[in-house]
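If you want the building blocks of each chain, they are given just below.
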Amino acid sequence: MKHFEANFDGLVGPTHNYAGLSFGNVASFSNAESVSNPKAAAKQGLRKAKALADLGMTQGLLAPQERPDVHTLRRIGFSGTDAEVLQKAAQDAPALLQACCSASSMWTANAATVSPSADTRDGKIHFTPANLVDKLHRSIEPSTTGRILQATFADPKFFHHHSHLPEHASFGDEGAANHTRLCAEYGHAGVELFVYGQEATNPSALKPKNFPARQTKEASSAVARLHQLDDESCVFMQQNPDVIDQGVFHNDVIAVGNQNVLFYHEQAFLETDTKFAEIQAKINAEMHFIEVPTHKVSIQDAVASYLFNTQVITLPNGEMAIIAPTNCQENQAVSRYLEELVTLGTPIKQVKYFDVKQSMQNGGGPACLRLRVAMNEIEKAAVNQNTLLDDALFTRLNQWVDKHYRDRLTAKELADPQLLIESRTALDELTQIMHLGSVYQFQR
Ligand SMILES: NCCC[C@H](NC(=O)CCC(=O)O)C(=O)O
């Protein structure tokens, strides 16, 4: 049977804005207070997703979340009508209002960790929504994420959904951004590489000094247990704390893998040689470890261009391609490196560039925008078919964006009660387009 990797991209929500909410994420911080364009952001994302579908890839979409999140604002004591809640929050606690308005669920690499059926003991695809506890604005995502995933992957015969991990710093979990599945063929049992930033219960373990390490080893181990993975198919590796301190807040800012390829920066990990030997010993394939040395691309250039937040995909003809943000083309060292990469005799043969600048300005590149689900034809048939991107859905969603989204949004406008109405109207219509049922709290 045919096995392949499907990508589920996050649809950008109507409140996409730049609020500088992510300490440790250089782009988020440096673009705080910029004016955003939610309409352009949504269309850039859709265009990237459609291009992959046109290349013959299986491409799905995950719905965005309900924002402004008035329910959380009520939970922390703001009361009255929805308009009053927004207005009081804007007055008394503007930072909390901003946290409740982020469209951050667009970065579905952080929605969940996914283990394909070939790796799990019960032969089902496992999903654990990420708790995202390190950032307030992201910590309010997991419950709705769980409902959206269940509405997208509904059939319990094929899909096994877990609750997110306990909401405590010891279990800080950022989902697939810190998880890479390596394999010979998508349908063969693979090795799941869990990359963590710190060990929460070991005070003497190395950790970054300035910026937070969002993923803990405890969380990675818990996900591996939940997903019924055997020890022989897991590798746990620590991210280099020094690069976290230089803005590498997730592992997918410094490394990306696909099948038997791991593309990474020289400074990405600790104990690189030992851990790579463990991967090679556990995997039934000849690994290609493609290392990018610092003298060719500095950490600073990697963070600015998102060279490693690219998607490495296997095209239907078996060749691999890199899906890169246009920011890579604009960085001299990085574009020179990518020109060279396709000549090195590795499985990666071509580079395709996409403008996802609206997302990039908040620190999310092509890889952040997608959640990977390796599957076979039978499992694909069990997916909610209205979430799979084809010509008709692409046209429909572009019209939907044109109808509901603003082309300009500032922090001040987040309290506009009209924005809440626009956003709920759009999402209500979206749940009908994608046949999701009542996944949002305002619909329940
Ligand atoms: N995987 C990429 C995630 C990017 C995301 N940025 C943000 O949430 C920025 C939002 C803002 O600052 O408005 C984050 O840091 O988790």
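Rules used throughout
- Counting restarts for each chain: residues are numbered from 1 in the order of the written sequence.
- The predicted origin of the model limits local features to residues at a pLDDT of at least 70 and limits the giving and counting of side-chain atom pairs to 80 or more, whereas totals for whole chains, interfaces and linings rest on all residues.
- Calculation of side-chain values draws on the structure's entire complement of heavy atoms; hydrogens and water are dropped beforehand.
- UniProt positions are given in the numbering used here, feature names are shortened, and annotations may be inferred rather than shown by experiment.
- A run of H or I in DSSP counts as a helix once it spans at least four residues, and a run of E counts as a strand once it spans at least two, with each numbered from the N terminus.
- A molecule or strand has a residue near it when one of that residue's heavy atoms lies within 4 Å.
- Each polar contact in these results corresponds to two N or O atoms within 3.5 Å; when the atoms are within protein, one needs to be able to donate a hydrogen and the other to accept it, and residues that are neighboring in sequence are counted only if both atoms are side-chain atoms.
- Calculation of accessible area relied on Shrake-Rupley with a 1.4 Å probe; when residues are assessed, cover is drawn exclusively from the protein chains displayed.
- Two rings from Phe, Tyr or Trp (for Trp, the six-membered ring) form a pair when their centres are within 6.5 Å of each other. A pair whose planes differ by under 30 degrees is stacked, one over 60 is edge-to-face, and the rest are tilted.
- Only protein chains enter the accessibility calculation, which uses a 1.4 Å probe; a residue is then buried when its area is under 20% of its type maximum, exposed when over 50%, and partly exposed in between.
- Any Lys NZ or Arg CZ that is within 6 Å of a ring centre and within 35 degrees of that ring's normal is treated as a charge sitting over the ring.
- Only buried Ala, Val, Leu, Ile, Met, Phe, Trp, Tyr and Cys residues count toward a nonpolar core, and they belong to the same one when joined by side-chain atoms within 4.5 Å.
- It only takes one pair of heavy atoms within 4.5 Å for two residues to be counted as in contact.
- Pairing between two strands is assigned when DSSP locates at least 2 bridges connecting them.
- Interaxial angle, 0 to 180 degrees, is taken between N-to-C directions of lines fitted to C-alpha atoms, where a helix line uses only the stretch in contact.

Looking at an unreviewed UniProt entry, the protein chain carries the name N-succinylarginine dihydrolase, with the source organism given as Shewanella gelidii. Quoted verbatim from the Catalytic activity (unreviewed entry) field of UniProt, the annotation for the protein chain is "N(2)-succinyl-L-arginine + 2 H2O + 2 H(+) = N(2)-succinyl-L-ornithine + 2 NH4(+) + CO2".

Colleague: Hey, could you run me through unusual backbone geometry in this one?
Modeller: Glycine aside, residues mostly have negative phi, and peptide bonds are mostly found in the trans state. Of note, the amide linkage connecting Arg-67 to Pro-68 takes the cis form, showing an omega dihedral of -5°. Looking at the element boundaries, Pro-68 is found in the loop between strand E2 (58-62) and helix H3 (70-75). For Gln-228, which is not a glycine, the phi torsion comes out positive at approximately 55°. Structurally, Gln-228 can be placed in the loop between helix H8 (217-226) and strand E8 (234-238). Although it is not a glycine, His-435 sits at a positive phi angle of roughly 50°. Mapped onto the fold, His-435 is located in the segment after helix H17 (417-433).

Colleague: Please explain the site of the ligand as it appears in this structure.
Modeller: Neighbouring residues of the ligand: 18 residues in total, closest Leu-21, Ser-22, Ser-28, His-137 and Cys-368. The side chain of Arg-138 places a nitrogen or oxygen atom 3.0 Å from an oxygen atom of the ligand. Within the backbone of Asn-362, a nitrogen or oxygen atom sits 3.0 Å from a nitrogen atom of the ligand. For the ligand, whose unbound accessible area comes to 430 Å², protein coverage reaches 100%.

Colleague: Is there a simple way to think about the packing of aromatic side chains in this case?
Modeller: By convention here, two paired aromatic rings are described through the distance between centres and the angle between planes. Here the structure, examined in full by the defined rule, presents 16 aromatic pairs. Here Phe-127 and Phe-159 contribute two aromatic rings whose centre-to-centre distance is 6.2 Å and whose plane-to-plane angle is 65°, an arrangement assigned as edge-to-face. With Phe-127 in strand E4 (residues 125-129) and Phe-159 in strand E5 (residues 159-161), this residue pair connects regions lying 32 residues apart in the sequence. Each member of the pair Phe-127 and Phe-159 is classed as buried. Both rings, one in Phe-194 and one in Phe-236, keep their centres 5.2 Å apart while their planes meet at 20°; by these two values the pair is stacked. Taken as a pair, Phe-194 in strand E7 (residues 191-196) and Phe-236 in strand E8 lie far apart in primary sequence, 42 residues in all. Look at Phe-194 and you get buried, because its relative accessible area is 2%. Here the aromatic cluster, defined as three or more aromatic residues joined through ring pairs, consists of Phe-8, Phe-127, Phe-153, Phe-158 and Phe-159. In this arrangement the basic side chain of Lys-50 is found over the ring face of Phe-394, its NZ or CZ atom lying 5.3 Å from the centre.

Colleague: What's the story with the nonpolar core in this structure? I'm lost.
Modeller: A general trend in soluble globular proteins is that nonpolar side chains are found buried together. Core analysis: the biggest nonpolar cluster contains 74 residues, and Phe-8, Phe-153, Met-375, Leu-397, Trp-400 and Leu-430 have the highest contact counts within it. Setting aside residues no more than four positions away along its own chain, Met-375 makes contact with Lys-2, His-3, Phe-4, Ala-6, Phe-8, Ile-125, Phe-153, Lys-380 and Val-383. Among the nonpolar cores identified, the runner-up in size contains 19 residues, and Val-297, Met-320, Val-334 and Leu-338 belong to it.

Colleague: Got a minute to help me understand the sheet that holds E5 in this structure?
Modeller: Pairing between sheet strands relies on hydrogen bonds along the backbone, with the strands arranged either parallel or antiparallel. With mixed pairing, three strands are arranged side by side in an open sheet as E3-E4-E5. Each having just a single partner strand, strand E3 (112-115) and E5 make up the two edges of the open sheet. Within this sheet the neighbouring strands show an average axis-to-axis angle of 20°, counted without direction. The sheet contact formed by E4 and E5 spans three bridges and is parallel. Paired with Ile-125 across the strands is Phe-159, a residue of E5. Relative to E4, helix H7 (residues 142-152) is tilted by about 155°, and along the sheet it contacts E3, E4 and E5.

Colleague: Help me understand the sheet that holds strand E15 (residues 370-376) in this model?
Modeller: Read from one edge to the other, the open sheet built from three strands follows the order E2-E1-E15, with strand pairing classed as mixed. One side of each edge strand has no neighbouring strand; the edge strands of this open sheet are E2 and E15. Ignoring which end each strand starts from, the neighbouring axes of this sheet average 30° apart. Sheet topology note: the strand E1 (residues 3-10)/E15 ladder contains seven bridges and is antiparallel. Along E15, the bridge assignment pairs His-3 with Asn-376.

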